[in-house]
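Structural features, examined
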Amino acid sequence: MANDHAQVNRQGKSERGFASMDAGRQREIASKGGKAAHESGRAHEFSSDEARIAGRKGGEAVSRDREHMSAIGRKGGEASGSNRAARDGRDGSGNGNGRNGGNGA
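Residues numbered from 1 in each chain as written. Predicted model: local features only at pLDDT ≥ 70, side-chain atom pairs only at ≥ 80, totals over all residues. Heavy atoms only, no water.

1. What to know about the overall build of the protein
Heads up, the condition is: Helix and strand definitions here come from DSSP, where helices need a minimum of 4 consecutive H or I residues and strands a minimum of 2 consecutive E residues; each element is numbered from the N-terminal end. Burial classes follow relative accessibility: with a 1.4 Å probe on protein chains only, a residue under 20% of its type's maximum area counts as buried, one over 50% as exposed, and anything between as partly exposed. For accessible areas, the Shrake-Rupley method is used with a probe of radius 1.4 Å. Any residue's cover is judged against the shown protein chains and nothing else.
Across its full length, the protein carries three helices and zero strands. Here the protein holds 105 residues, and the buried ones make up 4% of them. When the accessible surface of the protein is totalled, it reaches about 9100 Å², and 49% of it is carbon and sulfur.

2. Some details on the confidence of the model for the protein
Put simply, the rule is: Here pLDDT means the predictor's own confidence in every residue, given as a number from 0 to 100.
Put simply, the protein has an average pLDDT of 79, and 72% of its residues get 70 or more. By mean pLDDT, the top-scoring element of the protein is helix α1 (residues 23-40) (93), and the lowest-scoring one is helix α3 (residues 66-88) (86).

3. A few points about the pattern of salt bridges
Operational definition: Salt bridge criterion: a side-chain nitrogen from Lys or Arg within 4 Å of a carboxyl oxygen from Asp or Glu.
Enumeration according to the criterion identifies three salt bridges in this entry. In this structure, Arg25 engages Glu28 in a salt bridge whose closest nitrogen and oxygen atoms are separated by 3.1 Å. Of the two residues, Arg25 and Glu28 both sit in helix α1, three residues apart, roughly one turn of that helix. Classification of Arg25 as partly exposed rests on a relative accessible area of 37%. The closest approach of N and O atoms between Arg52 and Asp49, which form a salt bridge, is 2.6 Å. Note that Arg52 and Asp49 are positioned in helix α2 (residues 48-63) at a spacing of three residues, about one turn of the helix. Given a relative accessible area of 47%, Asp49 falls into the partly exposed group. Members of the salt-bridge network, linked through shared partners, are Arg25, Glu28 and Lys32.

4. As for α1
Rules: Each helix should span, by expectation, one fewer than its residue count multiplied by 1.5 Å. Nitrogen and oxygen atoms within 3.5 Å of one another constitute a polar contact, given that in protein one can donate a hydrogen and the other can accept it, and given that sequence-neighbouring residues count only through two side-chain atoms.
Along its 18 residues, α1 runs 26 Å from first to last C-alpha, staying within 8% of the 26 Å computed at 1.5 Å per residue. Where α1 starts, the residue carrying a side-chain oxygen 3.1 Å from the main-chain nitrogen of Gly24 turns out to be Asp22.

5. Some details on a nonpolar patch on the surface
Operational definition: Patch membership needs two things, relative accessible area over 30% and no salt bridge, and members are linked within 9 Å if like-charged or within 5 Å if nonpolar (Val, Leu, Ile, Met, Phe, Trp, Tyr).
Residues Val62, Met69 and Ile72 make up a contiguous nonpolar surface patch of about 230 Å² in total accessible area. Of note, Ile72 is situated in helix α3.

Next comes the structure, spelled out in structure tokens:
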């Protein structure tokens with residue numbers, strides 16, 4: 001009775017099934033399924049109106065999370081500021097060594 005459950009590995013997880021596969025293998029199988037569905041005409045293809053409605057619903061759901069939206073805005077502002085600094089010839093530190101500040105030169 002050394003190993004009554006041959007399909008269970010040392011961590012207690014099953015070695016069988018889709019979820020136990022590595023991500024690359026899962027992607028490969030899912031891709032084949034999607035291609036087969038399209039070829040047989042069973043796959044749903046969104047119209048531009050359906051896609052617009054789905055996108056709006058997703059945006060509404062995400063925007064309910066104020067913390068998440070705040071983090072997104074902060075990250076975008078930081079990226080925008082560093083891009084502006086690089087474009088204007090500043091070092092991005094806000095020390096006034098750019099085109100509109102500094103030593104007056």
